[in-house]
Amino acid sequence: MKQILLEFKNLDNTIINLMKSGIKFSFSLIILASIILLTYDFLFTYPTIYYIGFSLFKTSLFFMAGFVIFGFAFNKIKTEIS
């Protein structure tokens, strides 16, 4: 756990900005998916709306994890090259 926190503190600023913008993008997709799922729950009970909302939710969580993981990977590559 200490190693992960140490690596997070040593990230490059450009990579941190990229990770922050990616997480914000993913979070906006999560909000959109939640709105779609609420629409399914309260207004229309079509299964297609449910599957669209659920798929968008899963995809946005995957994007969020990807931005964090690839941020650490790119930082490792950048420090190895330098």
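Calculation rules
- Think of each chain on its own: its residues are numbered from 1, step by step along the sequence as written.
- With the structure being a predicted model, the display of local features is reserved for residues of pLDDT at least 70 and the display and counting of side-chain atom pairs for 80 or more, all residues being used for whole-chain, interface and lining totals.
- Hydrogens and water are ignored here; the side-chain numbers use all heavy atoms of the structure.
- Strands here are runs of E lasting at least two residues and helices are runs of H or I lasting at least four, both read from the DSSP assignment and numbered beginning at the N terminus.
- Every radius of gyration here is taken over C-alpha atoms, with the globule rule written as 2.2 Å times N^0.38, N being the number of residues.
- When accessible area is computed with a 1.4 Å probe and restricted to protein chains, residues below 20% of their type maximum are described as buried, those above 50% as exposed, and intermediate ones as partly exposed.
- Throughout, a contact is declared for two residues whenever any of their heavy atoms are within 4.5 Å.
- Salt bridge, as applied in this entry: a Lys or Arg side-chain nitrogen positioned within 4 Å of an Asp or Glu carboxyl oxygen.
- pLDDT runs from 0 to 100 and stands for how confident the predictor is about each residue.
- Exposure above 30% relative accessible area and the lack of any salt bridge qualify a residue for a patch; like charges then connect within 9 Å, and the nonpolar side chains Val, Leu, Ile, Met, Phe, Trp and Tyr within 5 Å.
- Using the Shrake-Rupley algorithm and a 1.4 Å probe, accessible areas are obtained, with residue cover drawn only from the displayed protein chains.

1. Looking at the overall build of the chain
Thought 1: Scanning the chain for helices and strands turns up three helices and zero strands.
Thought 2: Starting at the N terminus and walking to the C terminus, you meet the elements of the chain as α-α-α.
Thought 3: Here the chain has a C-alpha radius of gyration of 17 Å; the compact-globule value for 82 residues is 12 Å, and the former is much larger.
Thought 4: Projecting the C-alpha coordinates of the chain onto the three principal axes gives extents of approximately 55 × 25 × 15 Å.
Thought 5: In the chain, which comprises 82 residues, the share counted as buried stands at 18%.
Thought 6: In the chain, the proportion of contacts linking residues at least 24 apart, taken out of those at least 6 apart, comes to 70%.

2. Some details on the pattern of salt bridges
Thought 1: On inspection of all chains with the given rule, the structure shows one salt bridge.
Thought 2: Across the pair D12 and K78 runs a salt bridge, and its minimum N-O distance is 2.5 Å. Here K78 lies in helix α3 (residues 47–81) and D12 lies in the loop between α1 (2–9) and α2 (13–42), a separation of 66 residues in the sequence.

3. A short note on the confidence of the model for the chain
Thought 1: Residues of the chain with pLDDT of at least 70 account for 100%, and the chain-wide mean is 93.
Thought 2: The secondary-structure element of the chain with the lowest mean pLDDT is α1, recorded at 84, while α2 shows the highest, at 95.

4. What about the environment of F44?
Thought 1: Here F44 shows up in the loop between α2 and α3.
Thought 2: Through-space distance from the C-alpha of F44 to that of S55 is 17 Å; in sequence the pair is 11 residues apart.

5. So, a nonpolar patch on the surface
Thought 1: A surface patch of nonpolar side chains, about 610 Å² in accessible area, is lined by L38, F42, L43, F44 and Y46.
Thought 2: Locating L43 in the fold gives a position in the loop between α2 and α3.
Thought 3: Classification of L43 as exposed rests on a relative accessible area of 64%.

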